[in-house]
Amino acid sequence: MIALRNKKMSNNVLASRINKLRTISGLSQAAFGASIGTSQAALSAYEKGIRTPSLDILIDISKKYHVSIDWLSGLSDIPNSAQIKTYADLIKSIVLLNDNNHLDITLDRDSAILNFISADKTLIEFFKEWNEMRTLREDLENGDRLYNLWLNDAIKRYDIPLS
């Protein structure tokens, strides 16, 4: 019973994430399905959790839409561990962070400034440290070296699941 429940939960996550990825990409089920070599009907079944895509389909989704299989399956909350290379990659990451309630992103229409708001204590702690380190990076002769050491340490310290 527990294994069945876990499989059902993982199918729900997979279904939800395939749907979210398709929606963020602005594609119809038919267009998204065609891009990964499957039909609209099959994609609909994946998004409803009725069917589970094959490993080959998951790999196609991962490669074409720059997301990890870990994220698709719910093992990670980070869509892509690779570097963000395009504005589309950046926009997808921002939307997913916003949709998962880690950030509230607003635009001040008068000044055209983006505001990233978070009540997440871990993010707030990181950004306080980051602002201090950016200042030191600019002010000190060996600022780049110190900043890179700090950043490597921070990445290790913050390698914890999102809450």
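Values in this document were obtained by computation on a predicted structure and should not be read as measured data.

Can you help me understand the side chain of Glu129 in this one?
The topology assignment puts Glu129 in helix α7 (residues 121-139). Within polar-contact distance, the side chain of Glu129 engages the side chain of Tyr158 at 3.1 Å. If we ignore the near neighbours within four places in the chain, the residues touching Glu129 are Trp150, Arg157 and Tyr158.

Hey, could you run me through the pattern of salt bridges in this one?
Once the charged atoms of two side chains with opposite charge are near each other, the side chains can pair. The final tally for this structure, using the stated rule, is four salt bridges. Taking the shortest distance from any N to any O, the salt bridge between Arg22 and Glu47 comes out at 2.5 Å. Linking Arg22 in helix α1 (residues 2-24) with Glu47 in helix α3 (residues 40-48), this pair joins segments that are 25 residues apart in sequence. Overall, Arg22 belongs to the buried group, its relative accessible area being 12%. Via salt bridges that share partners, Glu129, Asp153 and Arg157 belong to a single interconnected network.

Quick question: what am I supposed to make of the domain arrangement of the chain here?
When the parts of a complex come together, some accessible area is lost, and that lost area is often used as the size of the interface. Its domain assignment divides the chain into domain 1 (13-73) and domain 2 (87-158). Spacing between the C-alpha centres of domain 1 and domain 2 amounts to 30 Å. Counting the surface lost from both domain 1 and domain 2, the interface buries some 520 Å², and carbon and sulfur atoms represent 64% of this. Taken together, the links from domain 1 to domain 2 amount to zero salt bridges. The tally of links from domain 1 across to domain 2 stands at zero residue pairs in polar contact (both at pLDDT 80 or more).

Explain the nonpolar core to me, please; I cannot follow it from the model alone.
As a rule of thumb, nonpolar side chains are buried together in soluble globular proteins. Membership of the largest hydrophobic core comes to 16 residues, with the highest contact counts inside it found for Ile18, Leu21, Phe32, Ile36, Ile61 and Leu72. Taken together, the elements giving at least two residues each to this core come down to α1, α3, α4 (55-65) and α5 (69-73). Of all the elements, α4 adds the most residues to this core, at four residues. Contacts of Ile36, omitting those with residues within four sequence positions, involve Leu43, Ile57, Asp60, Ile61, Lys64 and Tyr65. Counting residues in hydrophobic clusters, the runner-up holds five residues, among them Met133, Tyr147, Trp150 and Ala154.

Would you take a moment to explain the packing of aromatic side chains for this structure?
The geometry of an aromatic ring pair is captured by two quantities: the separation of the ring centres and the angle between the planes. One pass over the structure, following the stated rule, counts seven aromatic pairs. Arranged with centres 6.2 Å apart and planes meeting at 15°, the rings of Phe126 and Trp130 form a pair that is stacked. Pair noted here: Phe126 and Trp130 are both in helix α7, with a separation of four residues, about one helical turn. Residue Trp130 is classed as partly exposed on the basis of its relative accessible area, which comes to 23%. The interplanar angle of 85° and the centroid separation of 5.7 Å between the aromatic rings of Phe126 and Tyr158 together place this pair among those described as edge-to-face. Within this pair, whereas Phe126 is found in helix α7, its partner Tyr158 is found in the segment after α8 (143-157), the two being separated by 32 residues in sequence. For Arg134, the ring lying beneath its charged end belongs to Trp130, and the centroid distance is 4.4 Å.

What counts and what doesn't
Residue numbers here run from 1 along each chain, matching the order of that chain's written sequence. In view of the model being predicted, local features appear only for residues whose pLDDT reaches at least 70, and side-chain atom pairs are presented and counted only at 80 or more, with totals across whole chains, interfaces and linings using the full set of residues. For side-chain calculations, the full set of non-hydrogen atoms in the structure is used, while hydrogens and water are omitted. A helix here means a DSSP run of H or I that spans at least four residues, while a strand means a run of E at least two residues long, and both kinds are numbered starting from the N terminus. For the purposes of these results, a polar contact is taken to be a pair of N or O atoms within 3.5 Å, where, inside protein, one atom must be able to donate a hydrogen and its partner to accept one; residues adjacent in sequence count only when each atom of the pair is a side-chain atom. Contacts are assigned to residue pairs with any non-hydrogen atoms lying within 4.5 Å of each other. Counted as salt bridges are all cases of a side-chain nitrogen of Lys or Arg within 4 Å of a carboxyl oxygen of Asp or Glu. Buried residues are those whose accessible area, probed at 1.4 Å on protein chains only, stays under 20% of the maximum for their type, while exposed residues exceed 50% and partly exposed ones sit between those limits. Domain extents, as shown, originate in an automatic or database domain assignment. As a working definition, buried area equals the accessible area (1.4 Å probe) given up by two parts on being put together, with both sides summed. As used in this record, nonpolar core signifies buried Ala, Val, Leu, Ile, Met, Phe, Trp, Tyr and Cys residues forming a set joined through side-chain atoms within 4.5 Å. The aromatic pairing rule takes the rings of Phe, Tyr and Trp, using the six-membered ring of Trp, and pairs them if the centres are within 6.5 Å, calling planes under 30 degrees apart stacked, those over 60 edge-to-face and the rest tilted. Note on criteria: charge over ring means Lys NZ or Arg CZ within 6 Å of the ring centre, with the direction from the centre no more than 35 degrees off the ring normal.

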